[in-house]
Amino acid sequence: QQPVQSPQAVILREGEDAVINCSSSKALYSVHWYRQKHGEAPVFLMILLKGGEQKGHEKISASFNEKKQQSSLYLTASQLSYSGTYFCGTVLTTDSWGKLQFGAGTQVVVTP
Amino acid sequence: EAGVAQSPRYKIIEKRQSVAFWCNPISGHATLYWYQQILGQGPKLLIQFQNNGVVDDSQLPKDRFSAERLKGVDSTLKIQPAKLEDSAVYLCASSFVLRNNEQFFGPGTRLTVL
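Residues numbered from 1 in each chain as written. Chains lettered and ligands numbered in written order. Predicted model: local features only at pLDDT ≥ 70, side-chain atom pairs only at ≥ 80, totals over all residues. Heavy atoms only, no water.

Asks: Can you explain the interface of chain B and chain A? Please cite residues and give values.
Replies: Listed by partner, the interface residues are 22 residues for chain B and 24 residues for chain A. Both faces combined, the contact of chain B with chain A buries some 1800 Å², and carbon together with sulfur accounts for 54% of it. Among the ionic pairs, Lys99(A) bridges to Asp56(B), the shortest N-O distance being 4.0 Å. Summed over the shared surface of chain B and chain A, the result is three residue pairs in polar contact (both at pLDDT 80 or more). The set of elements that each furnish at least two residues to the side of chain B that touches chain A consists of β4 (31–37), β5 (44–50) and β6 (53–56) of chain B. Of the residues contributing to the side of chain B that touches chain A, the split by class is eight nonpolar, eleven polar and three charged. (Contact = heavy atoms within 4.5 Å. Buried area = accessible area lost by both parts, 1.4 Å probe. Salt bridge = Lys/Arg side-chain N within 4 Å of Asp/Glu carboxyl O. Polar contact = N/O pair within 3.5 Å; in protein donor to acceptor, adjacent residues only side chain to side chain. Helix = DSSP H or I, 4+ residues; strand = E, 2+ residues; numbered from the N terminus. Nonpolar A, V, L, I, M, F, W, Y, C, P; charged D, E, K, R; others polar.)

Asks: Pulling in residues and values, what's your account of the state of the cysteines?
Replies: Inspection of every chain in the model, using the stated rule, returns two disulfides over all chains. Covalently, Cys22(A) is tied to Cys88(A) through a disulfide, its sulfur atoms 2.0 Å apart. On the sign convention where negative is left-handed, the bridge of Cys22(A) and Cys88(A), at about 75° about the S-S bond, is right-handed. Placement of Cys22(A) in strand β3 (residues 18–23) and of Cys88(A) in strand β9 (residues 84–92) is noted, with a sequence separation of 66 residues between them. Here Cys22(A) and Cys88(A) have matching classes, each one buried. Covalent S-S linkage joins Cys23(B) and Cys92(B), the inter-sulfur distance amounting to 1.9 Å. Between Cys23(B) and Cys92(B), the S-S dihedral sits near -65°, and the bridge is therefore left-handed. Separated by 69 residues along the polypeptide, Cys23(B) in strand β3 (residues 19–24) and Cys92(B) in strand β9 (residues 88–95) bring together distant segments of the chain. (Disulfide = S-S within 2.5 Å. Buried < 20%, exposed > 50% of the residue type's maximum accessible area, 1.4 Å probe, protein only.)

Quick look at the structure:
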């Protein structure tokens, strides 16, 4: 039930773009994105609901492809502050309690 | 507003000992979560409370782990006895409503079992 994230890690130069993917083998009701900096707690970025529109948070945006049960997170014109580990969390359509299953994470390093 | 509070921040114990973690969620948040995060992995939900009732504890190793939220506010997670593989960061989170709502995480408790 755990979603699969790719890539595992990405190194960017400041100003470059990146895409992180999150895939599930089961039908999803929603996808949640969090960012965790080293030694800190995860911080919420956005939620995408089934049938919802693409969301954005500063220059970070995400989409949800219901046909593929996949979500993508787009880091546009990356900044040094974007460094951290990005986790997607998924809620299945069959789960009425909103249980989040997190992926293994994608480590993002943005260099000057 | 105050965030999610957790204590202690760090704990080192020997295997087979007991340990307890405390969490105080954001005021007014009905839903409380305990997660286990092993180094290099994503958080894994252990137990989810709605007020003082358990809505999901399917991934809680009930032979050694227990949790309670007696008055629907703060919560305690206990491990008894601890094993080496319990070494992890234990994160508490809370949200205003049950489903599809932003979860606010506390700073976590880093447990090392020797």
